[in-house]
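Summary of the model geometry
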Amino acid sequence: MDKSQVSFANRLKKKFSSNEPIFTNEILELFAEYTRAYVFRLINKSKSVGELAQFSSGVYYIPQKADSGLPTITADDVMNKKYVQNGNNVYGIYSGVKLQNEFSVTSQIPDVVEIVTSNGEMKCRKIEIGGRKFVLRKARCPISKSNASAYKILQLFDDIGTQTKLDDLVKERIIEFIVKNKISTKELMDLAKVFPVKVKNHLISSGVLDVNK
């Protein structure tokens, strides 16, 4: 392996962890001093010697050796980094059945993973990657670390609809989440302004806000 290739591999390892999805634009930004064509030559060389692996189009990772020879990242890892969270940078939440699982509304296993994100440009987009199906929906307002927890509560009430009566276990899970994440009633009411009125009304009538009184 020549010096430029060693330098390329070392810089990738300093910037990214093993089994972390790495997107083409991240590599191009990291090696901005090189031409796009040269960066792709380095990528291809790294792939040929096993320093870098390709998961799908535009998605790479530094492989951690696995006996099976199968990819050591998943489609969920890729989508989480791209549309939900990268380190402390939060820009999305899970919705639909996956979100309802978290609060024990249902134990159903989702065939399609739904995500509400600030990183999506289209109002609704369907993606299939690594054999997994995802639906992306554009957030009603920018999602960040400061409002993601409150947004999750409101999204839950939006998803389940007004016809669903919350049982005691679900209420308990929601209240525990509100307390743990220190979500104030004011924060929820302010954020509720970007949701349909029925979502706010259902939230109020559910009784879960009594914890903040």
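Our structure's up above, just so we're on the same page.
A few points on the structure. (Residues numbered from 1 in each chain as written. Predicted model: local features only at pLDDT ≥ 70, side-chain atom pairs only at ≥ 80, totals over all residues. Heavy atoms only, no water.)

Comments concerning the pairing of strand β2 (residues 53-56)
Rules: Note on pairing: DSSP must find at least two bridges between two strands before they are called paired. Numbering of helices and strands starts at the N terminus; helices are DSSP runs of H or I of at least 4 residues and strands are runs of E of at least 2.
By the bridge criterion, three bridges tie β2 to strand β3 (residues 59-61) in an arrangement that is antiparallel. Within the sheet, the bridge partner assigned to Q54 lies in β3 and is Y60. Counting the residues in the hairpin turn of β2 and β3 gives two residues, including G58, whose phi is positive at 80°.

What to know about the sheet that holds strand β8 (residues 124-129)
Two pairing modes exist for strands in a sheet, parallel and antiparallel, and in both the strands are linked by backbone hydrogen bonds. Worth spelling out the cut-off: To obtain each axis, a line is fitted to C-alpha atoms, and for helices this fit is confined to the stretch in contact; angles are then taken between N-to-C directions over 0 to 180 degrees.
Ordered in space as β6-β7-β9-β8, the four strands form an open sheet in which the pairing is mixed. Strands with a single pairing partner mark the edges of an open sheet, and in this sheet they are β6 (92-95) and β8. With strand direction ignored, the average angle separating the axes of adjacent strands in the sheet is 30°. In terms of strand pairing, β6 meets strand β7 (residues 112-117) through four bridges, oriented antiparallel. Among the inter-strand pairings, G92 is bridged to a residue of β7, identified as T117.

Observations concerning the pattern of salt bridges
Keep this limit in mind: The salt bridge criterion pairs a side-chain nitrogen of Lys or Arg with a carboxyl oxygen of Asp or Glu, the two atoms within 4 Å.
In total, this model carries 10 salt bridges according to the counting rule given. With a shortest N-O distance of 2.6 Å, R137 and E114 are connected by a salt bridge. Taken together, the residues R137 in strand β9 (residues 132-138) and E114 in strand β7 connect sequence positions 23 residues apart. Here D158 and R140 are joined by a salt bridge, their closest N and O atoms 3.1 Å apart. Here R140 lies in the loop between β9 and α6 (148-160) and D158 lies in helix α6, a separation of 18 residues in the sequence. Connected through shared salt-bridge partners, E20, E26 and K81 make up one network.

Focus: the pairing of β8
Across six bridges, the pairing between β8 and β9 is antiparallel. For R125, the partnering residue across the bridge sits in β9 and is L136. A loop of two residues connects β8 with β9, the two strands running antiparallel in sequence, and G130 in this loop sits at a positive phi of about 60°.

Some points on the packing of α6 against helix α7 (residues 168-180)
Using the following cut-off: Each angle gets one of four labels, with under 35 degrees taken as roughly parallel, over 145 as roughly antiparallel, 65 to 115 as roughly perpendicular, and the rest as oblique. For a crossing to be left-handed, the near helix must be turned anticlockwise from the far one by less than a right angle; the clockwise case is right-handed. Whether two residues touch is decided by their heavy atoms; if any such pair falls within 4.5 Å, the residues are in contact. Amino acid classes used here: Ala, Val, Leu, Ile, Met, Phe, Trp, Tyr, Cys and Pro are nonpolar; Asp, Glu, Lys and Arg are charged; the rest, including Gly, are polar.
One can describe the packing of α6 onto α7 by two numbers: an axis separation of 10 Å at closest approach and a directional angle of 160°. Our classification of the angle between α6 and α7 gives roughly antiparallel. Relative to α7, the crossing made by α6 is left-handed. Residues S149, K152, I153, L156 and F157 of α6 form the contact with α7, whose participating residues are I174, F177 and I178. Looking at the contact of α6 with α7 residue by residue, the classes come out as six nonpolar, one polar and one charged.

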